[in-house]
Structures are given as structure tokens and as C-alpha cells.
Amino acid sequence: MSKGAILKQAITTKGLAHVMAAHSPLSAILAEEAGFDGIWASGFELSALYGLADMSLITMTQHLDMLRAIAGQSSLPIVADIDTGYGNALNVIHAIGEYEKAGTAAVVIEDKTFPKVTSLAADGRQELLRIEEFQGKIEAAVSARSDPDFIVIARTEALIAGLGEEEALRRGIAYAGAGADMILVHSKKEDPAEIESFSRTWKGPVPLVIVPNAYPELDATRIRALGNIQMTIYGNYGIRAATTAMQYAFRRIIADGGVQNVHKDIVPVEEIFRLQRMDQVKAAEMRFLR
Ligand code: SPV
Ligand code: MG
């Protein structure tokens, strides 16, 4: 079964797939052990990992390199955040070929102009493509895939751009008409009412995907009650959790003048050995090193 087919099966059997952002193979291993259904190869997390803003500064090559490294260490299906598709419909065709070869299960393409501006920033300059132009990009993505189970997710930023529910619905319907398998609708409102209203009103032919970063109270029980949402992406929790842990540990070491206290609060090195699969290295050593 292809990775796309595996993800589709998870969606069908569970009704709602939980997809966790990862910015590294290690974070993907941790997500898999925790029990997520898929990995979100997040542009925001990878940008932050490089200490950069999420503004189309990371190249497709950098994103693909990390995605391949993640795919090498995790068996979970990967949902690739390809932002605007790195240009126009022709760039999208090229990108789909590369991401499919890399073993990706799904891609998310958003209807913003290139270079994109990160969605959650207050007062972000949010400029959307014409609907027809973005439909062309979705049609290009669908026609470029070789595996029919490779999932093409169209993301509308209409709510992020402040254009309102009617425009978001119009865009969602148009993108489903262009062949998108799912519609991701994003919102940066703290109150989940905007997303709840969209989801209840949605009558399109394909299911929805959401990223509850700005409105964390919308948990799985409430999401399921809305009906139309079949995938939830936890978009920046990995990098925020890692930052919280490192800020605490690093500051503590400076404050304490050493690691004498902090070492009790963090995992022992044996846990890292386990995640590095040192047992396999040891077994190979015994077998092959003479
Ligand atoms: C990402 O994780 O890169 C996303 C989600 O696209 S957000 O940053 O909220 O736009
Ligand atoms: Mg992104």
C-alpha cells in the first residue's frame, strides 16, 4: 500500500486523523511513538528550526531533504506543507513529482501569492491568488500525481486574509471542483467560532482539514461533532514544546552554574540511545566487527 493509501485508510477507519508537526526525524519518531496517524512536514517548524521566519525563505530542496530524512526514520504517512507550491502551476507540477518520489502521502498547497507571509502573524500582509489561477495549480497537482491515492489538499487562507466566510466557502467549493481531495481551512482567530461556523456551513463534496493552532480549545470531541472535518494538524506544537524545554534547561544551567540540578529533569542519555536504536548498532557490532 502506498503512503497515501495508508493515510486514507486511517481517515476511513478513525473518522478523524491526528497529524503532528515534525521538524526533524527525532521529532517524527516521538510523534509516532505517541500514537499520531501522520506527520506534518511543517514549513513553520522547519523555518523556525533554521531560525528563520516562515516567509518562503526555506527552499524546496531544504524541505525535501528534511522530509526524506523524516521518511527514513518514521513509517507514518507524511503530509507535506508545500506552501504556495514554490511558484505557479508549472512549479507545482515539478514539486508534486519530487514529493511523490520522496514518499510523501499528501501535500497541502495554499492559495496565497509567492512569497507567502506566515499565517498567524498579527497584521500579516495576506495576498490571495485569483480563484482561477489557484484552480489551475490544483488541477496541475492532480494531473501530475502518478499514485491516485496521493492526496492533494487545497488550503484557503480567505479567513486568514479577513475576506470572510462566504469567500472562504466560494474558494473551497472552487478548489474541490478543480480536483482537491480535501480542503484545509485556516483561521487565526482565538475563538473557534469562525472555524465551527465554516465547518457547519460547508456543503462541499470533499472533507475538511483544520490546524487548531490559534484556537486550541477546539479538541477532538468538538471537532468530531462538527461532522465535516476528517484531519486535524497540530501545526506548531513540536517546535514550541522543544523551545519550552530548551529555554528552561539552558536558563537553569546558567542560573545554577552547572548541570547538577537540571539533569534530573530531563531524559537520561539512555533514552536518546533508545531513540537512536543503539540496540541495533550493538547487534551489528557483535555480528560483523571482527
Ligand atoms: C505550518 O505549520 O507551517 C502551517 C500552519 O502552515 S501555520 O503555521 O499555523 O500557518
Ligand atoms: Mg506552513
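Residues numbered from 1 in each chain as written. Chains lettered and ligands numbered in written order. Predicted model: local features only at pLDDT ≥ 70, side-chain atom pairs only at ≥ 80, totals over all residues. Heavy atoms only, no water.

### A few points about the site of ligand 1
Part 1 of the argument: In the vicinity of ligand 1, the residues found are Trp-40, Ser-42, Gly-43, Phe-44, Asp-81, Ser-119, Leu-120, Arg-155, His-186, Asn-213 and Gly-235.
Part 2 of the argument: In the model, an oxygen atom of ligand 1 is placed 2.7 Å from a nitrogen or oxygen of the Arg-155 side chain.
Part 3 of the argument: Within the backbone of Gly-235, an N or O atom sits 3.1 Å from an oxygen atom of ligand 1.
Part 4 of the argument: Across the complex, the protein chains shield 100% of the 280 Å² of accessible surface that ligand 1 would expose by itself.
Part 5 of the argument: Put simply, ligand 1 lies in the largest cavity. (Near = heavy atom within 4 Å. Polar contact = N/O pair within 3.5 Å; in protein donor to acceptor, adjacent residues only side chain to side chain. Areas by Shrake-Rupley, 256 points an atom, 1.4 Å probe, with all protein chains shown as cover. 1 Å grid on protein atoms, 1.4 Å probe; cavity = no way out; pocket = protein on both sides within 12 Å on 5 of 7 lines; lining within 4 Å. Sits in = over half its atoms within 2 Å of the grid points.)

### Focus on the environment of Pro-148
Part 1 of the argument: For Pro-148, the position within the fold is in the loop between helix H6 (131-144) and strand S5 (151-156).
Part 2 of the argument: Each C-alpha atom of the pair Pro-148 and Leu-169 lies 26 Å from the other, and the pair is 21 residues apart in sequence. (Helix = DSSP H or I, 4+ residues; strand = E, 2+ residues; numbered from the N terminus.)

### Concerning the domain arrangement of the protein chain
Part 1 of the argument: Split by domain assignment, the protein chain resolves into domain 1 (3-236) and domain 2 (243-288).
Part 2 of the argument: Taken over C-alpha atoms, the centre of domain 1 sits 33 Å from the centre of domain 2. (Domains from an automatic or database assignment.)

### Some remarks on the nonpolar core
Part 1 of the argument: Counting residues in hydrophobic clusters, the biggest one holds 59 residues, and the most contacted among them are Tyr-99 and Ile-183.
Part 2 of the argument: The residues touching Tyr-99, leaving out its near neighbours within four places in the chain, are Met-60, His-63, Leu-64, Leu-67, Ala-80, Ile-82, Tyr-86, Thr-104 and Val-107.
Part 3 of the argument: If you look at the next biggest cluster of nonpolar residues, it comprises 18 residues, including Ala-21, Trp-40, Val-79 and Leu-184. (Core = buried A, V, L, I, M, F, W, Y, C linked by side-chain atoms within 4.5 Å. Buried < 20%, exposed > 50% of the residue type's maximum accessible area, 1.4 Å probe, protein only. Contact = heavy atoms within 4.5 Å.)

### Describing the sheet that holds strand S2 (residues 38-41)
Part 1 of the argument: An order of S1-S2-S3-S4-S5-S6-S7-S8 is seen for the eight strands of this closed barrel, with the pairing classed as parallel. Ignoring which end each strand starts from, the neighbouring axes of this sheet average 25° apart.
Part 2 of the argument: With three bridges connecting them, strand S3 (residues 78-81) and strand S4 (residues 106-110) associate as parallel partners. Bridge pairing in S4 links Ala-80 to Val-107.
Part 3 of the argument: Contacts from H6 reach S4 and S5 within the one sheet, and its direction differs from that of S5 by about 165°. (Pairing = 2+ DSSP bridges. Axes fitted to C-alpha atoms, helices over the stretch in contact; angles between N-to-C directions.)

### What about the layout of surface pockets?
Part 1 of the argument: Empty space within the largest pocket amounts to approximately 600 Å³.
Part 2 of the argument: Around the largest pocket, the lining comprises 20 residues; the ones closest to its centre are Leu-26, Ala-245, Met-246, Val-267 and Ile-272.
Part 3 of the argument: When residues in the lining of the largest pocket are grouped by element, the largest group, seven residues, is from helix H10 (residues 237-256).
Part 4 of the argument: A per-class count over the lining of the largest pocket returns 15 nonpolar, three polar and two charged.
Part 5 of the argument: When residues are assigned to domains, the lining of the largest pocket turns out to be shared by domain 1 (3-236) and domain 2 (243-288), each giving three or more. (Points joined across faces, edges and corners; volume = space filled by probe spheres on them. Nonpolar A, V, L, I, M, F, W, Y, C, P; charged D, E, K, R; others polar.)

### Brief notes about the environment of Ala-106
Part 1 of the argument: Summarising the element assignment, Ala-106 is placed in strand S4.
Part 2 of the argument: Taking the relative accessible area as the measure of exposure, Ala-106 reaches 0% and is therefore buried.
Part 3 of the argument: Taking the C-alpha atoms as reference, Ala-106 lies 8.3 Å from Lys-3; in sequence the two are 103 residues apart.
Part 4 of the argument: Among all residues touching Ala-106, those that are not within four sequence positions of it are Leu-7, Ile-78, Val-79, Ala-80, Ile-151 and Ile-153.

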